[in-house]
Amino acid sequence: MNLKRRIIPLVSLVVLLPGAGLVVTTAGCAGPGHGAGGVVVDLDDYDYYPGYEVYYSRRHHDYYYQDGHVWVRRPTPPKAFGPGPSVHMDFRDAPEHHHADVVRRYPHNWQPEKRHDDRKDDDDRRRDQH
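Remember, it's a predicted structure, so these values are computed and weren't measured experimentally. (Residues numbered from 1 in each chain as written. Predicted model: local features only at pLDDT ≥ 70, side-chain atom pairs only at ≥ 80, totals over all residues. Heavy atoms only, no water.)

Undergrad: I'm lost on the environment of P85 in this one. Help?
TA: Its place among the elements puts P85 in the loop between strand 4 (70–74) and strand 5 (87–88). On a C-alpha basis, the gap between P85 and D47 in space is 9.8 Å, while along the polypeptide they are 38 residues apart. Those residues in contact with P85, other than ones at most four positions away along the chain, are Y48, Y49, P50, W110, Q111 and P112. (Helix = DSSP H or I, 4+ residues; strand = E, 2+ residues; numbered from the N terminus. Contact = heavy atoms within 4.5 Å.)

Here it is in structure tokens:
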């Protein structure tokens, strides 16, 4: 009988610990879209258009840009938006947190690097040999 009293509380403790751990990890949320330790769980995925300083969210299918001095998220791009090169961003939070670095890295006149085509070089070498 004494043995049963010792085993039951130990089993209860083992069963409750995982649940208590879950409460602790979810209790550390920093706000909407953030998990334990401030890790973003509502991941976004942006393409940046340097010529317009506009971000496009692939996940939400909307545009993120400055309207005057205010950052806005809208389903349509700004009026002056048109075709142009874009670059995929590797951050997962709001673009406004990274915009100063992004603009330095990708100025208005940024163009993607032309990819080197090894097949073309092989073809040219073959023609030179004949």
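Undergrad: What should I look at first to understand the pairing of strand 1 (residues 46–49) in this one?
TA: In regular strands, side chains alternate between the two faces of the sheet. Burial along strand 1 is two-sided: the face carrying Y46 and Y48 and the face carrying D47 and Y49 are both buried. Where strand 1 meets strand 2 (residues 54–57), four bridges bridge the pair, whose relative direction is antiparallel. From the neighbouring strand, D47 faces strand 2, where its bridge partner is Y56. The pairing of strand 1 with strand 5 spans two bridges and is classified as antiparallel. Pairing of D47 across the sheet is with H88, part of strand 5. (Buried < 20%, exposed > 50% of the residue type's maximum accessible area, 1.4 Å probe, protein only. Pairing = 2+ DSSP bridges.)

Undergrad: Help me out: how do you make sense of the side chain of D62 in this one?
TA: Among the structural elements, D62 can be located in strand 3 (residues 62–67). What makes D62 buried here is its relative accessible area of 11%. In this structure the side chain of D62 is engaged in a polar contact, spanning 3.1 Å, whose partner is the side chain of R73. In this structure D62 touches Y55, Y56, S57, R73, R74 and P75, once residues within four positions along its chain are discounted. (Polar contact = N/O pair within 3.5 Å; in protein donor to acceptor, adjacent residues only side chain to side chain.)

Undergrad: Sorry if this is basic, but what is going on with the nonpolar core here?
TA: Residues Y46, Y48, Y55, Y64, W71, V87, M89, F91, V102, Y106 and W110 constitute the largest nonpolar core, which totals 11 residues. Setting aside residues up to four positions removed in sequence, Y55 forms contacts with Y46, D47, Y48, D62, Y63, Y64, W71, M89, F91, P95, H99 and V102. With six residues, the next largest nonpolar core counts Y56, Y63, Y65 and V72 among its residues. (Core = buried A, V, L, I, M, F, W, Y, C linked by side-chain atoms within 4.5 Å.)

Undergrad: Please clarify how the sheet that holds strand 5 should be interpreted in this entry.
TA: Two pairing modes exist for strands in a sheet, parallel and antiparallel, and in both the strands are linked by backbone hydrogen bonds. What the five strands build is an open sheet, ordered 4-3-2-1-5; its pairing is antiparallel. Looking at which strands have only one partner, the edges of the open sheet turn out to be strand 4 and strand 5.

Undergrad: Hey, could you run me through the pattern of salt bridges in this one?
TA: Pairs can form between side chains of opposite charge whenever their charged atoms are close. Summed over all chains, the structure comprises five salt bridges. Its salt-bridge partner being R92, residue D45 comes within 3.2 Å of it at the nearest N-O pair. Taken as a pair, D45 in the loop between helix 1 (2–27) and strand 1 and R92 in the loop between strand 5 and helix 2 (99–105) lie far apart in primary sequence, 47 residues in all. When its relative accessible area of 36% is taken as the criterion, R92 is described as partly exposed. Between D47 and R58 there is a salt bridge, with its nearest N and O atoms 2.9 Å apart. (Salt bridge = Lys/Arg side-chain N within 4 Å of Asp/Glu carboxyl O.)

Undergrad: Please clarify how the packing of aromatic side chains should be interpreted in this entry.
TA: What describes a pair of aromatic rings is the distance from one ring centre to the other and the angle between the planes of the rings. Scanning the model with the defined rule gives 12 aromatic pairs in all. Taking 6.2 Å as the distance between ring centres and 80° as the angle between the ring planes, the aromatic pair formed by Y46 and Y55 counts as edge-to-face. On the basis of relative accessible area, Y46 is assigned to the buried category, the value being 1%. Between Y49 and F81, the ring centres sit 5.0 Å apart and the planes meet at 80°, which makes this aromatic pair edge-to-face. Placement of the pair is Y49 in strand 1 and F81 in the loop between strand 4 and strand 5, with a sequence separation of 32 residues. Overall, the relative accessible area of 17% leaves Y49 in the buried class. Assessed through its relative accessible area of 21%, F81 is described here as partly exposed. Linked through ring pairs, Y46, Y48, Y55, Y64, W71 and F91 together constitute an aromatic cluster. (Phe/Tyr/Trp six-rings, centres within 6.5 Å; stacked < 30°, edge-to-face > 60°.)

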